[in-house]
Amino acid sequence: MDLGYTQEEEEFRARLREWLAVVLPKLPPKPSPADWPGRRTYDAGWQRMLYDAGYADLHWDASPTRRLIFLEETERAGAPYVGANFVGLLHAGPTIAAEGSAAQRERWLPPILRGEEIWCQGFSEPDAGSDLAALRTRAVRDGDDYVVTGSKIWTSHAEVADWCELLVRTGPVGAAAPKHRGITWLAMPMDAPGITVRPLRTLAGSTEFAEVFLDEVRVPAANRVGAENDGWRVTMVTLSFERGTAFVGEVVACRRVLGELARTARGNGRWDDPVLRRKLGRLHAEFGALWRLTQWNVSEAERSGGVPGVGGSVFKLRYSHARQELYDTAAEVLGAGSLCLDGEWTADRLSSLSYTIAAGTSQIQQNIVAERILGLPKGR
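Reading the values: rules and limits
- Within each chain, residue numbers correspond to sequence positions counted from 1 in written order.
- Per-residue local features are limited, in this predicted model, to residues with pLDDT of at least 70; the limit for side-chain atom pairs, both in listing and counting, is 80 or more; totals at the level of whole chains, interfaces and linings are taken over all residues.
- Excluded from the side-chain calculations are hydrogens and water; all other atoms, namely the structure's heavy atoms, are used.
- The axes used here are C-alpha line fits, helices contributing only the stretch in contact, and every angle between their N-to-C directions lies in the interval 0 to 180 degrees.
- Helix and strand assignments come from DSSP, with helices taken as H or I runs of at least 4 residues and strands as E runs of at least 2, each series counted from the N terminus.
- To sort the angles, those under 35 degrees are grouped as roughly parallel, those over 145 as roughly antiparallel, those from 65 to 115 as roughly perpendicular, and the leftovers as oblique.
- What makes a crossing left-handed is the near helix being turned counterclockwise from the far one by less than a right angle; a clockwise turn instead makes it right-handed.
- In this description, contact between two residues means that some pair of their heavy atoms is separated by no more than 4.5 Å.
- Here the nonpolar group is Ala, Val, Leu, Ile, Met, Phe, Trp, Tyr, Cys and Pro; Asp, Glu, Lys and Arg are the charged ones; every other residue, Gly included, is treated as polar.
- Using a 1.4 Å probe on the protein chains alone, a residue whose accessible area is under 20% of its type maximum counts as buried, one over 50% counts as exposed, and one in between counts as partly exposed.
- Should DSSP find at least two bridges between two strands, the strands are taken to pair.
- Buried Ala, Val, Leu, Ile, Met, Phe, Trp, Tyr and Cys residues that are joined via side-chain atoms within 4.5 Å together make up what is termed a nonpolar core.
- Classification of ring pairs uses Phe, Tyr and Trp, with its six-membered ring standing for Trp, and accepts pairs whose centres are within 6.5 Å; under 30 degrees between planes counts as stacked, over 60 as edge-to-face, and the remaining range as tilted.
- For a Lys NZ or an Arg CZ to count as sitting over a ring, it must be within 6 Å of the ring centre and within 35 degrees of the ring normal.
- Given a helix with a known number of residues, its expected span is that number minus one, times 1.5 Å.
- A residue's bend is the angle separating two fitted axes: one through the seven residues that end there, the other through the seven that start there.

**Quick look at the packing of helix 1 (residues 7-23) against helix 2 (residues 36-53)**
So, point 1. Two elements in contact, helix 1 and helix 2, have axes whose closest approach is 13 Å; the angle formed by their N-to-C orientations is 135 degrees. Judged by the inter-axis angle, helix 1 sits oblique to helix 2. Pair helix 1 / helix 2 crosses with right-handed handedness. For the pair formed by helix 1 and helix 2, the contact residues are Trp19, Leu20 and Val23 on the first element and Trp46, Met49, Leu50 and Ala53 on the second.
So, point 2. Of the residues assigned to the contact of helix 1 with helix 2, the class counts are seven nonpolar, no polar and no charged.

Written out as structure tokens, the structure reads:
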């Protein structure tokens, strides 16, 4: 296993650094966090810049190692995050690239890469909890369409999305037909009649999630990715990308935050506390190990055609808790300053609380690790 970089990869890193140094100072100011149309425009504009410079396809067509270098360098340089493009670039796009037909790849991938179309994720449901296979949103075939009725929750970026990666139930549920075998993956146009979007305000005050209500929404059968009732397998591909590579840039960001905390602690006298220094030291080791685990996962993906494996669940499980510990420690360093509701630190700390739930709860990740890595029997 090689966790290093080739000369060609280091040359790619150098070219990327040079380009970032030129373009980042020219970016317009970021819009207000509450201005979602403005944020969409800003994020899509950055994506177009990446596309024009030849970097947009790194999420899918490049090797996992080059993708890792790209995420590492853009985060270190303080480049914009994918933002509203998150679902399209890191979930739906890679899934369509891996599982879609040639016509579907031609239709959807170029607009995602150019920042022209935004996607949202319609997986979770109000009554399903963390059991994704318990979804009830129903799709009934009617000629060339599926007629979809039901509701979704925690639908990321639904308020500005053009498309939704949607999981629906197309097969029966019962003892003879396990619930995960009757699911289908659809690409739903968000301007279709019968769709109602209701934003949800998070603890941090943001509205990047929404409830989505579907009342006999017609979705063309041509928008089905994979076979009917094979959506669970396709979804596992989506989730492998979500857990395997979607948080890579955030690990780099957390290591940067840790450095800022150490400098702040030295400046405000908190560095004299040996307990706090031990916490910072342990977190430094923790995120260093997570970065090496990321490299290992990328090496594994390199050998398996670019799709991350179950090692992503190990990463997601530990990263979720480490991020919460990082921002709890930040509160100790900053003291009363960490309580300012308008402050970036406070927003990040509140956001960190969701990481043990988002992208598969920690309990789900523990089950995956137990069953698929350790070979333990399934719980009853």
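Resuming the write-up.
**Thoughts on the pairing of strand 4 (residues 163-169)**
So, point 1. The element strand 4 is largely enclosed, with a buried count of seven among its seven residues.
So, point 2. For strand 1 (residues 119-122) and strand 4, the ladder comprises four bridges, and the chain directions are parallel. Pairing of Trp119 across the sheet is with Trp163, part of strand 4.
So, point 3. Inspection of the sheet shows strand 4 paired to strand 5 (residues 183-189) by seven bridges, in the antiparallel sense.

**A word on the nonpolar core**
So, point 1. The biggest cluster of nonpolar side chains holds 41 residues, and the ones touching the most others in it are Trp19, Trp46, Tyr55, Trp119 and Trp185.
So, point 2. Elements with a contribution of two residues or more to this core: helix 1, helix 2, helix 3 (64-76), helix 4 (86-99), helix 5 (102-113), strand 4 and strand 5.
So, point 3. Considering each element in turn, this core owes the most residues, six residues, to helix 4.
So, point 4. Among the nonpolar cores identified, the runner-up in size contains 21 residues, and Leu261, Leu276, Leu290 and Tyr319 belong to it.

**Details of the packing of aromatic side chains**
So, point 1. Per the counting criterion, the structure on display carries nine aromatic pairs.
So, point 2. On the numbers, 5.9 Å between centres and 90 degrees between planes, the contact of Trp154 with Phe209 is edge-to-face. Residue Trp154 is located in the loop between strand 3 (145-152) and strand 4, and its partner Phe209 is located in strand 7 (residues 209-220); the two are separated by 55 residues in the primary sequence.
So, point 3. Of the residues examined, Trp154 reaches a relative accessible area of 48% and is grouped as partly exposed.
So, point 4. Of the residues examined, Phe209 reaches a relative accessible area of 23% and is grouped as partly exposed.
So, point 5. One aromatic cluster is present, built from ring pairs that chain together Phe12, Trp19, Trp46, Tyr55 and Phe70.
So, point 6. In this arrangement the basic side chain of Arg39 is found over the ring face of Trp36, its NZ or CZ atom lying 3.9 Å from the centre.

**Quick look at helix 2**
So, point 1. The first and last C-alpha atoms of helix 2 sit 26 Å apart over 18 residues, in line with the 26 Å expected at 1.5 Å per residue.
So, point 2. Those residues of helix 2 lying buried are Trp36, Gly38, Arg40, Tyr42, Asp43, Ala44, Trp46, Gln47 and Leu50.
So, point 3. Against the buried residues of helix 2 lie helix 1, helix 3, helix 4 and helix 5.
So, point 4. Positioned one or two residues after helix 2, Gly54 has a phi angle of 90 degrees, which is positive.

**A word on the environment of Thr238**
So, point 1. Note on placement: Thr238 falls in helix 6 (residues 231-244).
So, point 2. Spatially, the C-alpha atoms of Thr238 and Ala92 are 6.9 Å apart, while their sequence positions differ by 146 residues.
So, point 3. Setting aside residues no more than four positions away along its own chain, Thr238 makes contact with His91, Thr95, Phe123, Glu165 and Trp185.

**Considering the environment of Thr361**
So, point 1. Among the structural elements, Thr361 can be located in the loop between helix 10 (344-352) and helix 11 (362-373).
So, point 2. Spatially, the C-alpha atom of Thr361 lies 9.2 Å from that of Lys316, the residues being 45 residues apart in sequence.

**A look at helix 4**
So, point 1. Taking 1.5 Å of rise per residue, 14 residues should cover 20 Å, and helix 4 covers 19 Å from first to last C-alpha, within 8% of that figure.
So, point 2. Approximately 40 degrees is the largest bend angle found in helix 4, and it occurs at Ala92, with the proline Pro94 only one to four residues beyond.
So, point 3. Across the 14 residues of helix 4, eleven count as buried, placing the element largely inside the fold.
So, point 4. Those residues of helix 4 that sit buried are Phe86, Val87, Gly88, Leu89, Leu90, His91, Ala92, Gly93, Pro94, Thr95 and Ile96.

**Observations regarding unusual backbone geometry**
So, point 1. Unlike most non-glycine residues, Trp154 shows phi in positive territory, near 55 degrees.
So, point 2. For Glu216, which is not glycine, the phi dihedral falls at a positive 50 degrees.
So, point 3. Mapping Glu216 onto the fold places it in strand 7.

**A short note on the environment of Ala98**
So, point 1. Relative to the elements of secondary structure, Ala98 occurs in helix 4.
So, point 2. Residues Ala98 and Val237, spaced 139 residues apart in sequence, show a C-alpha to C-alpha distance of 8.1 Å.

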